[in-house]
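Architecture at a glance
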Amino acid sequence: MQQWLETPLGRYVLEQERRYFDRVVADIFGYNATQIGFAGIDFLRNNRIPFKFAIGVQEGASAFALPHFLPVRSDSIDLVLLPHTLELSSNPRQILREVHRVLIHEGKVIISGFNPFSLWGLRQRMMKTRTDFPWCGHFIDLSLMQDWLALLNFETTAGQFGCYVPPCGREQWLSRLRFMEAAGDRWWPIAGGMYFLQAVKHECGLRIIKPCWEDAAAAKARAVAVPQIERGQN
(Lines give C-alpha, C1' and ligand atoms only; values in the text may rest on other atoms or scores of the structure.)
Protein backbone atom coordinates (compact mmCIF):
# COMPACT_ATOMS: atom_id res chain seq x y z
CA MET A 1 0.00 0.00 0.00
CA GLN A 2 2.76 2.44 0.93
CA GLN A 3 4.62 1.74 -2.31
CA TRP A 4 1.46 2.33 -4.36
CA LEU A 5 0.80 5.65 -2.61
CA GLU A 6 4.20 6.84 -3.82
CA THR A 7 3.23 6.29 -7.47
CA PRO A 8 1.64 9.10 -9.53
CA LEU A 9 -1.78 7.47 -9.24
CA GLY A 10 -1.34 6.91 -5.51
CA ARG A 11 -0.33 10.53 -4.94
CA TYR A 12 -3.42 11.63 -6.87
CA VAL A 13 -5.71 9.56 -4.62
CA LEU A 14 -3.94 10.71 -1.47
CA GLU A 15 -4.32 14.34 -2.53
CA GLN A 16 -8.07 13.87 -2.96
CA GLU A 17 -8.41 12.17 0.42
CA ARG A 18 -6.36 14.73 2.33
CA ARG A 19 -8.36 17.57 0.83
CA TYR A 20 -11.67 16.04 1.87
CA PHE A 21 -10.68 14.91 5.36
CA ASP A 22 -8.91 18.20 6.15
CA ARG A 23 -12.10 20.07 5.29
CA VAL A 24 -14.70 17.97 7.08
CA VAL A 25 -12.85 17.12 10.31
CA ALA A 26 -12.00 20.74 11.06
CA ASP A 27 -15.46 21.49 12.48
CA ILE A 28 -15.97 18.29 14.49
CA PHE A 29 -15.40 18.65 18.21
CA GLY A 30 -15.24 16.33 21.19
CA TYR A 31 -12.72 14.63 23.45
CA ASN A 32 -11.53 11.50 21.61
CA ALA A 33 -10.99 10.68 17.93
CA THR A 34 -9.47 7.69 16.21
CA GLN A 35 -8.42 6.70 12.71
CA ILE A 36 -8.69 3.00 11.88
CA GLY A 37 -6.39 1.98 9.04
CA PHE A 38 -3.82 3.91 6.99
CA ALA A 39 -1.96 4.51 10.25
CA GLY A 40 1.05 6.01 8.48
CA ILE A 41 -1.03 8.93 7.15
CA ASP A 42 -2.60 11.38 9.57
CA PHE A 43 -6.04 12.24 8.23
CA LEU A 44 -6.92 13.79 11.61
CA ARG A 45 -4.21 16.44 11.36
CA ASN A 46 -6.71 19.29 10.84
CA ASN A 47 -8.99 18.25 13.71
CA ARG A 48 -8.85 20.01 17.10
CA ILE A 49 -10.01 17.16 19.33
CA PRO A 50 -7.38 16.91 22.12
CA PHE A 51 -6.87 13.13 22.19
CA LYS A 52 -6.32 11.52 18.76
CA PHE A 53 -4.84 8.14 17.96
CA ALA A 54 -4.56 5.62 15.12
CA ILE A 55 -5.46 1.93 15.31
CA GLY A 56 -4.05 -0.65 12.90
CA VAL A 57 -1.35 -3.17 12.20
CA GLN A 58 0.85 -0.89 10.10
CA GLU A 59 3.81 1.15 11.20
CA GLY A 60 2.73 4.44 12.75
CA ALA A 61 -0.26 3.08 14.65
CA SER A 62 -0.72 4.25 18.23
CA ALA A 63 -2.47 0.99 19.12
CA PHE A 64 -1.69 -2.24 17.27
CA ALA A 65 -4.99 -4.09 16.93
CA LEU A 66 -7.33 -5.57 14.38
CA PRO A 67 -10.30 -3.35 13.49
CA HIS A 68 -12.73 -6.24 14.05
CA PHE A 69 -12.13 -6.14 17.82
CA LEU A 70 -11.19 -2.67 18.97
CA PRO A 71 -9.44 -2.34 22.33
CA VAL A 72 -11.56 0.70 23.14
CA ARG A 73 -14.20 1.26 25.79
CA SER A 74 -17.79 1.41 24.60
CA ASP A 75 -19.42 4.84 24.16
CA SER A 76 -16.12 6.71 24.47
CA ILE A 77 -15.17 8.03 21.00
CA ASP A 78 -16.52 11.18 19.35
CA LEU A 79 -15.11 10.69 15.83
CA VAL A 80 -13.95 7.64 13.84
CA LEU A 81 -12.29 7.73 10.42
CA LEU A 82 -12.36 4.66 8.16
CA PRO A 83 -10.13 5.40 5.14
CA HIS A 84 -10.59 2.34 2.88
CA THR A 85 -10.67 0.16 5.99
CA LEU A 86 -13.88 -1.67 5.14
CA GLU A 87 -13.01 -2.69 1.59
CA LEU A 88 -9.70 -4.17 2.73
CA SER A 89 -11.38 -6.37 5.34
CA SER A 90 -12.96 -9.80 4.99
CA ASN A 91 -15.66 -8.79 7.50
CA PRO A 92 -16.55 -5.11 7.02
CA ARG A 93 -19.87 -5.37 8.85
CA GLN A 94 -18.12 -6.49 12.03
CA ILE A 95 -15.92 -3.40 11.84
CA LEU A 96 -19.01 -1.21 11.56
CA ARG A 97 -20.52 -2.95 14.58
CA GLU A 98 -17.35 -2.21 16.55
CA VAL A 99 -17.41 1.41 15.42
CA HIS A 100 -21.02 1.69 16.54
CA ARG A 101 -20.06 0.23 19.93
CA VAL A 102 -17.19 2.63 20.67
CA LEU A 103 -18.93 5.79 19.42
CA ILE A 104 -20.84 7.98 21.83
CA HIS A 105 -24.44 8.95 21.15
CA GLU A 106 -24.36 11.39 18.21
CA GLY A 107 -20.77 10.36 17.49
CA LYS A 108 -19.61 10.63 13.87
CA VAL A 109 -17.97 8.22 11.44
CA ILE A 110 -16.42 9.21 8.10
CA ILE A 111 -15.80 6.52 5.48
CA SER A 112 -13.86 6.57 2.23
CA GLY A 113 -13.99 3.82 -0.38
CA PHE A 114 -13.55 3.09 -4.06
CA ASN A 115 -16.64 3.08 -6.22
CA PRO A 116 -17.19 -0.27 -8.03
CA PHE A 117 -19.44 1.45 -10.62
CA SER A 118 -16.72 3.64 -12.07
CA LEU A 119 -13.69 3.42 -14.34
CA TRP A 120 -11.72 2.36 -11.27
CA GLY A 121 -14.10 -0.51 -10.62
CA LEU A 122 -14.00 -1.46 -14.31
CA ARG A 123 -10.21 -1.65 -14.25
CA GLN A 124 -10.33 -3.86 -11.18
CA ARG A 125 -12.76 -6.28 -12.84
CA MET A 126 -10.57 -6.46 -15.96
CA MET A 127 -7.38 -7.31 -14.06
CA LYS A 128 -6.28 -10.93 -14.01
CA THR A 129 -4.30 -10.62 -10.78
CA ARG A 130 -5.36 -8.38 -7.90
CA THR A 131 -2.45 -8.51 -5.51
CA ASP A 132 -1.60 -4.81 -5.30
CA PHE A 133 -3.43 -2.06 -3.49
CA PRO A 134 -6.12 -0.90 -4.16
CA TRP A 135 -7.12 -3.60 -6.64
CA CYS A 136 -6.82 -6.31 -4.00
CA GLY A 137 -9.71 -4.82 -2.04
CA HIS A 138 -13.41 -5.56 -2.29
CA PHE A 139 -15.01 -2.36 -3.58
CA ILE A 140 -18.32 -1.85 -1.76
CA ASP A 141 -21.33 -0.30 -3.48
CA LEU A 142 -22.38 3.00 -1.92
CA SER A 143 -26.03 1.98 -1.58
CA LEU A 144 -25.00 -1.23 0.19
CA MET A 145 -22.81 0.77 2.55
CA GLN A 146 -25.73 3.03 3.37
CA ASP A 147 -27.94 0.00 4.06
CA TRP A 148 -25.36 -1.39 6.50
CA LEU A 149 -25.20 1.94 8.30
CA ALA A 150 -28.99 2.22 8.50
CA LEU A 151 -29.25 -1.24 10.06
CA LEU A 152 -26.94 -0.04 12.85
CA ASN A 153 -29.00 3.12 13.45
CA PHE A 154 -26.51 5.40 11.70
CA GLU A 155 -27.94 8.39 9.88
CA THR A 156 -26.11 9.36 6.69
CA THR A 157 -25.65 13.12 6.84
CA ALA A 158 -23.32 13.98 3.95
CA GLY A 159 -21.27 12.49 1.15
CA GLN A 160 -19.21 13.27 -1.90
CA PHE A 161 -17.68 11.57 -4.93
CA GLY A 162 -14.16 12.20 -6.21
CA CYS A 163 -11.34 10.90 -8.42
CA TYR A 164 -13.00 11.34 -11.81
CA VAL A 165 -9.70 11.01 -13.66
CA PRO A 166 -9.27 7.48 -15.10
CA PRO A 167 -6.76 5.31 -13.21
CA CYS A 168 -3.79 6.03 -15.46
CA GLY A 169 -0.33 5.08 -14.30
CA ARG A 170 1.57 7.91 -15.99
CA GLU A 171 1.93 11.39 -14.57
CA GLN A 172 1.51 13.10 -17.94
CA TRP A 173 -1.90 11.52 -18.56
CA LEU A 174 -3.08 12.34 -15.05
CA SER A 175 -2.11 15.96 -15.65
CA ARG A 176 -3.83 16.13 -19.02
CA LEU A 177 -7.06 14.65 -17.68
CA ARG A 178 -7.34 16.87 -14.61
CA PHE A 179 -10.14 18.80 -16.29
CA MET A 180 -12.37 15.77 -15.68
CA GLU A 181 -12.50 16.59 -11.95
CA ALA A 182 -14.66 19.68 -12.41
CA ALA A 183 -16.59 18.17 -15.34
CA GLY A 184 -17.29 14.93 -13.51
CA ASP A 185 -18.48 16.64 -10.36
CA ARG A 186 -20.97 18.59 -12.45
CA TRP A 187 -22.13 16.16 -15.12
CA TRP A 188 -21.67 12.60 -13.81
CA PRO A 189 -21.08 12.80 -10.03
CA ILE A 190 -21.97 9.17 -9.29
CA ALA A 191 -19.20 7.97 -11.64
CA GLY A 192 -16.39 9.14 -9.38
CA GLY A 193 -13.72 6.57 -8.65
CA MET A 194 -13.99 7.17 -4.92
CA TYR A 195 -16.71 8.20 -2.48
CA PHE A 196 -16.80 9.72 0.99
CA LEU A 197 -19.62 9.19 3.45
CA GLN A 198 -20.44 10.85 6.78
CA ALA A 199 -22.83 9.30 9.29
CA VAL A 200 -24.02 9.96 12.85
CA LYS A 201 -24.79 7.31 15.45
CA HIS A 202 -28.27 7.36 16.93
CA GLU A 203 -29.62 5.24 19.74
CA CYS A 204 -33.20 4.09 19.96
CA GLY A 205 -34.86 5.64 22.98
CA LEU A 206 -36.60 3.35 25.46
CA ARG A 207 -39.58 4.29 27.59
CA ILE A 208 -40.27 2.05 30.55
CA ILE A 209 -43.97 1.36 30.97
CA LYS A 210 -44.76 0.50 34.58
CA PRO A 211 -47.73 -1.63 35.62
CA CYS A 212 -50.76 0.41 36.62
CA TRP A 213 -51.39 -1.61 39.81
CA GLU A 214 -50.38 1.25 42.11
CA ASP A 215 -52.61 3.70 40.28
CA ALA A 216 -55.54 1.30 40.50
CA ALA A 217 -54.99 0.75 44.25
CA ALA A 218 -54.78 4.50 44.87
CA ALA A 219 -57.97 5.09 42.92
CA LYS A 220 -59.72 2.40 44.92
CA ALA A 221 -58.61 3.95 48.21
CA ARG A 222 -59.97 7.30 47.15
CA ALA A 223 -63.32 5.82 46.27
CA VAL A 224 -66.05 6.87 48.70
CA ALA A 225 -69.17 4.79 49.24
CA VAL A 226 -72.30 6.76 48.46
CA PRO A 227 -75.16 5.81 50.80
CA GLN A 228 -78.45 5.00 49.23
CA ILE A 229 -81.31 7.24 50.33
CA GLU A 230 -84.74 5.71 50.40
CA ARG A 231 -87.57 7.95 49.53
CA GLY A 232 -90.38 8.10 52.01
CA GLN A 233 -93.82 6.91 51.04
CA ASN A 234 -96.56 9.53 50.60
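Residues numbered from 1 in each chain as written. Predicted model: local features only at pLDDT ≥ 70, side-chain atom pairs only at ≥ 80, totals over all residues. Heavy atoms only, no water.

Some points on the nonpolar core
As a rule of thumb, nonpolar side chains are buried together in soluble globular proteins. The criterion, for reference: Side-chain atoms within 4.5 Å link the members of a nonpolar core, which is a set of buried Ala, Val, Leu, Ile, Met, Phe, Trp, Tyr and Cys residues. Relative accessibility decides the category of a residue: with a 1.4 Å probe and only protein chains considered, values under 20% of the type maximum give buried, values over 50% give exposed, and everything between is partly exposed. Put simply, DSSP H or I for four residues or longer makes a helix, DSSP E for two residues or longer makes a strand, and each gets a number counted from the N terminus. Contacts are residue-level and defined by heavy atoms, with any inter-residue pair within 4.5 Å sufficient.
Trp 4, Val 13, Leu 79, Leu 81, Ile 110 and Trp 120 are the most contacted members of the largest nonpolar core, which totals 33 residues. Of all elements in the fold, only helix 1 (2-5), helix 2 (8-24), strand 4 (77-83), strand 5 (103-114) and strand 7 (194-201) reach the threshold of two or more residues within this core. Element by element, the count of residues in this core is highest for helix 2, at seven residues. The contact partners of Trp 120, leaving out residues within four places of it in the chain, are Trp 4, Leu 9, Tyr 12, Val 13, Phe 114, Trp 135, Phe 139, Cys 163, Val 165, Pro 166, Pro 167 and Gly 193. Core analysis: the second largest hydrophobic core is formed by 29 residues, Val 72, Ile 77, Phe 161 and Leu 197 among them.

Here we look at the sheet that holds strand 4
Here is the rule: Here, any two strands with at least 2 DSSP bridges between them count as paired. Inter-axis angles, ranging from 0 to 180 degrees, are taken between N-to-C directions of lines fitted to C-alpha atoms, where helices are fitted over the stretch in contact.
The strand order across the open sheet built from seven strands is 3-2-1-4-5-7-6, with neighbouring strands paired in mixed fashion. This sheet does not close on itself; its edge strands, each paired only once, are strand 3 (63-64) and strand 6 (154-162). Sitting on the sheet, helix 2 is in contact with strand 4, strand 5, strand 6 and strand 7, with an inclination near 25° to strand 7.

Comments concerning the layout of surface pockets
Put simply, the rule reads: Only protein atoms enter the 1 Å grid used here, on which a cavity is any set of points holding a 1.4 Å probe that cannot leave and a pocket is any open set flanked by protein within 12 Å on both sides along at least five of seven lines; residues with an atom within 4 Å of a point are listed as lining. Grid points are joined across faces, edges and corners, and a volume is the space filled by probe spheres set on the points.
Approximately 230 Å³ is the volume found for the largest pocket. Taken together, 17 residues line the largest pocket, and the ones lying closest to its centre are Val 57, Gln 58, Pro 67, Thr 85 and Leu 88.

Topic: the pattern of salt bridges
We count it as follows: Salt bridge, as used here, is a side-chain nitrogen of Lys or Arg placed within 4 Å of a carboxyl oxygen of Asp or Glu.
The tally for this structure, following the rule as stated, stands at five salt bridges. Among the ionic pairs, Asp 22 bridges to Arg 45, the shortest N-O distance being 2.7 Å. Taken together, the positions of Asp 22 in helix 2 and Arg 45 in the loop between strand 1 (32-36) and strand 2 (51-56) put the pair 23 residues apart, joining distant regions of the chain. A residue is classified by how much of its surface remains accessible, and Arg 45, at 44% relative accessible area, is partly exposed.

With respect to the packing of aromatic side chains
Definition in use: Stacked, edge-to-face and tilted are the three classes for Phe, Tyr and Trp ring pairs, Trp counted by its six-membered ring, which pair at centre distances within 6.5 Å; planes under 30 degrees apart are stacked, over 60 edge-to-face, the rest tilted.
Considering all chains together, one arrives at twelve aromatic pairs under this definition. A centroid spacing of 5.6 Å and a plane angle of 20° characterise the contact between Phe 114 and Trp 120, whose relative ring orientation is stacked. Residues Phe 114 and Trp 120 agree in their burial class; the two are buried.

Brief notes about a nonpolar patch on the surface
Defined as follows: Patches were defined on residues exceeding 30% relative accessible area and lacking a salt bridge, with like-charge contacts within 9 Å and nonpolar side-chain contacts (Val, Leu, Ile, Met, Phe, Trp, Tyr) within 5 Å. Note that accessible areas follow from Shrake-Rupley with a 1.4 Å probe, and for residues the cover is restricted to the protein chains shown.
Residues Leu 119, Leu 122 and Met 126 make up a contiguous nonpolar surface patch of roughly 310 Å² in combined accessible area. As for its position among the elements, Leu 122 is in helix 4 (residues 119-126). The class of Leu 122 is partly exposed, set by a relative accessible area of 39%.

Section: helix 4
As a reminder of what qualifies: What the arc describes is the spread of directions from the helix axis to the C-beta atoms.
Along helix 4, the residues that are buried comprise Trp 120, Gly 121 and Gln 124. Axial view of helix 4: buried residues confined to an arc of 95°, hence all on one face. Buried positions along helix 4 lie against helix 1, helix 2 and strand 5.

Details of helix 3 (residues 92-102)
Most of helix 3 sits out of view: eight of its eleven residues are buried. Every buried residue belonging to helix 3 is among Pro 92, Gln 94, Ile 95, Leu 96, Glu 98, Val 99, His 100 and Val 102, and all of these are buried.

As for the pairing of strand 1
Counting buried positions over the five residues of strand 1 gives four, a clear majority of the element. Bridge analysis of strand 1 against strand 2 gives five bridges, and the strand direction is parallel. Considered in strand 2, the bridge of Thr 34 is made with Phe 53. When strand 1 meets strand 4, the two strands line up parallel, connected through three bridges. In the strand pairing of strand 4, Ala 33 is matched with Leu 79.

Limitation: the analysis is restricted to geometry and does not speak to function.
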